[in-house]
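Each chain, letter by letter, is given below.
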Amino acid sequence: MTHLLSLAHLTLIELTPPEMIEAASAAGFRSVNLRLAPVAPGEHQHPMIGATLTPMMRETLARMRDLNVAVHDVEIVRLLPDTDIDAHEPLLAAAAELGAGHMLVAGDSPDEAAIADRYARLFELGAHYGIGMGLEFMPWTGIKNMVSARRVLALAGTGSIIVDSMHVDRSGGSAEEIAALPANQLAYFQLCDAPRERPTTDAELIFQARQARLPPGDGGIDLRSMVRALPPDTVISVEIPMHGLPNLAPPVERARALRRASEALIAEAAAAGPLAGRRANVTSY
C-alpha cells in the first residue's frame, strides 16, 4: 500500500499560497492543495488569478521550484443549476499554471440532473487545461453523500469523486462504500478524524468540518478500514483544520505532527491488508 501524502490548505488556512509551500516543505510534505477561491467567511481571495502572472503567483512558483513541492489540486468551484462555467476559466488557468491535476468541485443544489449538466461542461473546460474535476459530496450541500455523487457522475457520463473521511462518516457511509467505488472514479482521499458522536445540526457539522477536525487516531471514525478500502496508489490529502480547538500549535509544528499521525495510521492499515470488495476500474457508466 503506497500513498503520496499531500497537505491541504484548509489545514493551514491562515497561510498564503507561498507560505503554504514553505510550511509543507518544512513539515516533510512534497505535495499540497491550494485554496485559490475562498468559500468560508473570513477566508481571503489571494491575488493568484489574473491574465498575467501576479507577484504572489510568481513567488509561489519560485518556492515550489526551490523547495521541490508540487500542487496536487486546487479549490474550489461551487456548482448551482445556473452557474456560469466560463466564468471559472481564470481559476482553471491559474491551477494549470501551478501544475495541478485536479479541481475540487462541490454541488450546491439537490437537482442532480442540473448539477450533472454543469459538471459535464466544467469537465470539458478543464480538459483543455489538463485538469480533472473531482466532485466532493458534503452532507450539508446539495450533493450530500456518495450515492448522490455517483448518480451525478452517471448523468454526466464522466468524472471522479473526492472522498473525505469525515463526509463519509457524517453522511452515514462506510469503508465498504469506498471499496465499491471503481478505482478510476476516485480522484483522491481526504484524511481526518472527528469525534465518534455525529453532529445533529448543519451548523455544528460545518463547524467541525471547517475548524474542529482531529488528527488521525484521536477520534471515532473508522479510518483504518477506509484507508484499507483505497486503491494502493491513491493520493491522500491531509485535511485537518483545527482552528476552532484550544492550544493550536504553530503551522509547521502542526503540519509535522499531522503528517506523523497520518503515516502511522496508514502503516497500521497496510499491515491489516486491503479491504475485501475493492472495485477495479470501469470504462462506462
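Residues numbered from 1 in each chain as written. Predicted model: local features only at pLDDT ≥ 70, side-chain atom pairs only at ≥ 80, totals over all residues. Heavy atoms only, no water.

A.B. asks: Where do I start with the overall build of the chain in this structure?
C.D. replies: Within the chain, the regular secondary structure consists of 10 helices and eight strands. Its C-alpha radius of gyration of 18 Å places the chain within 12% of the 19 Å reference for a compact globule of 285 residues. Taken over the C-alpha atoms alone, the chain extends approximately 50 × 45 × 35 Å along its principal axes. Put simply, the chain has 285 residues, and 54% of those count as buried. Within the chain, contacts between residues separated by at least 24 positions form 82% of all contacts whose residues are at least 6 apart in sequence. Within the structure as shown, the chain displays about 11,600 Å² of accessible surface, and the carbon and sulfur contribution to it stands at 52%. Of the charged side chains in the chain, 24 are positive and 34 negative, and the gap between their average positions amounts to 4 Å. (Helix = DSSP H or I, 4+ residues; strand = E, 2+ residues; numbered from the N terminus. Rg over C-alpha atoms; globule rule 2.2 N^0.38 Å. Buried < 20%, exposed > 50% of the residue type's maximum accessible area, 1.4 Å probe, protein only. Contact = heavy atoms within 4.5 Å. Areas by Shrake-Rupley, 256 points an atom, 1.4 Å probe, with all protein chains shown as cover. Lys, Arg positive; Asp, Glu negative; His and termini not counted. Charge placed at Lys NZ, Arg CZ, Asp CG, Glu CD.)

A.B. asks: Explain the packing of helix α4 (residues 112-127) against helix α5 (residues 146-156) here, please?
C.D. replies: Between two packed helices, both the angle of their axes relative to each other and the distance between the axes serve to describe the pair. Two elements in contact, α4 and α5, have axes whose closest approach is 8 Å; the angle formed by their N-to-C orientations is 60 degrees. The orientation of α4 with respect to α5, classified from their angle, is oblique. Crossing geometry of α4 relative to α5 is assigned as right-handed. Judged by residue contacts, Glu-112, Ala-113, Ile-115, Ala-116, Tyr-119 and Ala-120 of α4 engage Ser-148, Arg-151, Val-152, Leu-153, Leu-155 and Ala-156 from α5. Broken down by class, the residue content of the contact of α4 with α5 amounts to nine nonpolar, one polar and two charged. (Axes fitted to C-alpha atoms, helices over the stretch in contact; angles between N-to-C directions. Parallel < 35°, antiparallel > 145°, perpendicular 65-115°, else oblique. Left-handed = near helix turned anticlockwise from the far one by under 90°. Nonpolar A, V, L, I, M, F, W, Y, C, P; charged D, E, K, R; others polar.)

A.B. asks: Mind showing me how you'd approach the pairing of strand β3 (residues 70-79) here?
C.D. replies: Side chains on a regular strand alternate between the two faces of the sheet. Here β3 lies mainly inside the structure; eight of its 10 residues are buried. Pairing between strand β2 (residues 31-35) and β3: five bridges, direction parallel. Bridge pairing in β3 links Asn-33 to Asp-73. The β-α-β motif built from β2, the intervening helix α2 (residues 55-67) and the parallel element β3 has right-handed crossover chirality. Here β3 pairs with strand β4 (residues 102-107) via six bridges, running parallel. Among the inter-strand pairings, Val-74 is bridged to a residue of β4, identified as Met-103. Following the chain from β3 across helix α3 (residues 89-97) to the adjacent parallel β4, one finds a crossover that is right-handed. (Pairing = 2+ DSSP bridges. Right-handed = clockwise from strand over helix to strand, strands pointing away.)

A.B. asks: Any chance you could explain α3 here in plain terms?
C.D. replies: When α3 is considered as a whole, its buried residues turn out to be Leu-91, Leu-92, Ala-94 and Ala-95. Down the axis of α3, the smallest arc covering the buried residues is 160 degrees, so these residues share one side. Looking at the buried residues of α3, the elements they touch are α2, β3, β4, α4 and β5 (132-136). Positive phi appears at Gly-99, one or two residues downstream of α3, with a value of about 80 degrees. (Arc of directions from axis to C-beta.)

A.B. asks: Looking at this structure, how should I read the pairing of strand β7 (residues 186-191)?
C.D. replies: Counted residue by residue, β7 has six buried out of six residues, so it is predominantly covered. Pairing of strand β6 (residues 160-164) with β7, which is carried by four bridges, proceeds in the parallel orientation. What sits directly across from Val-163, in β7, is Phe-189. Relative to strand β8 (residues 236-238), β7 runs parallel, the two sharing three bridges. Considered in β8, the bridge of Gln-190 is made with Ser-237.

A.B. asks: Explanation requested: helix α1 (residues 17-27) in the structure shown.
C.D. replies: In terms of burial, α1 is a largely internal element, eight of the 11 residues being buried. Taken as a whole, α1 has its buried residues at Pro-17, Pro-18, Met-20, Ile-21, Ala-23, Ala-24, Ser-25 and Ala-27. Contacts made by the buried residues of α1 are with β1 (5-7), β2, α2, β3 and α10 (251-272). Backbone geometry just downstream of α1 places Gly-28 in the positive-phi region, at approximately 95 degrees.

A.B. asks: Just checking my understanding: could you explain the environment of Val-69 for this structure?
C.D. replies: Along the chain, Val-69 falls in the loop between α2 and β3. Along the backbone, Val-69 and Asp-202 are 133 residues apart, and their C-alpha atoms lie at a distance of 35 Å. In contact with Val-69, not counting residues within four places along its chain, are Ile-21, Ser-25, Phe-29, Arg-30, Ser-31, Val-32 and Met-64.

A.B. asks: Looking at this structure, how should I read the environment of Tyr-119?
C.D. replies: Of note, Tyr-119 is situated in helix α4. Between the C-alpha atom of Tyr-119 and that of Arg-254, which follows or precedes it by 135 residues, the distance is 35 Å. Excluding residues that lie within four positions of it along the chain, Tyr-119 makes contacts with Leu-79, Val-105, Met-133, Leu-135, Leu-153, Ala-156, Thr-158, Gly-159 and Ser-160.

A.B. asks: Any chance you could explain unusual backbone geometry here in plain terms?
C.D. replies: Of all residues except glycine, most have a negative phi; of all peptide bonds, most are trans. Residue Ile-76 is reached from Glu-75 by a cis peptide bond, and omega for that bond is 10 degrees. We note that Asn-68 has phi near 60 degrees; this positive angle belongs to a residue other than glycine. Tracing the chain through its elements places Asn-68 in the loop between α2 and β3. Unlike most non-glycine residues, Asn-247 shows phi in positive territory, near 60 degrees. Position of Asn-247 relative to the elements: it lies in the loop between β8 and α10. Judged by relative accessible area, which is 77%, Asn-247 ranks as exposed.

Limitation: the analysis is restricted to geometry and does not speak to function.
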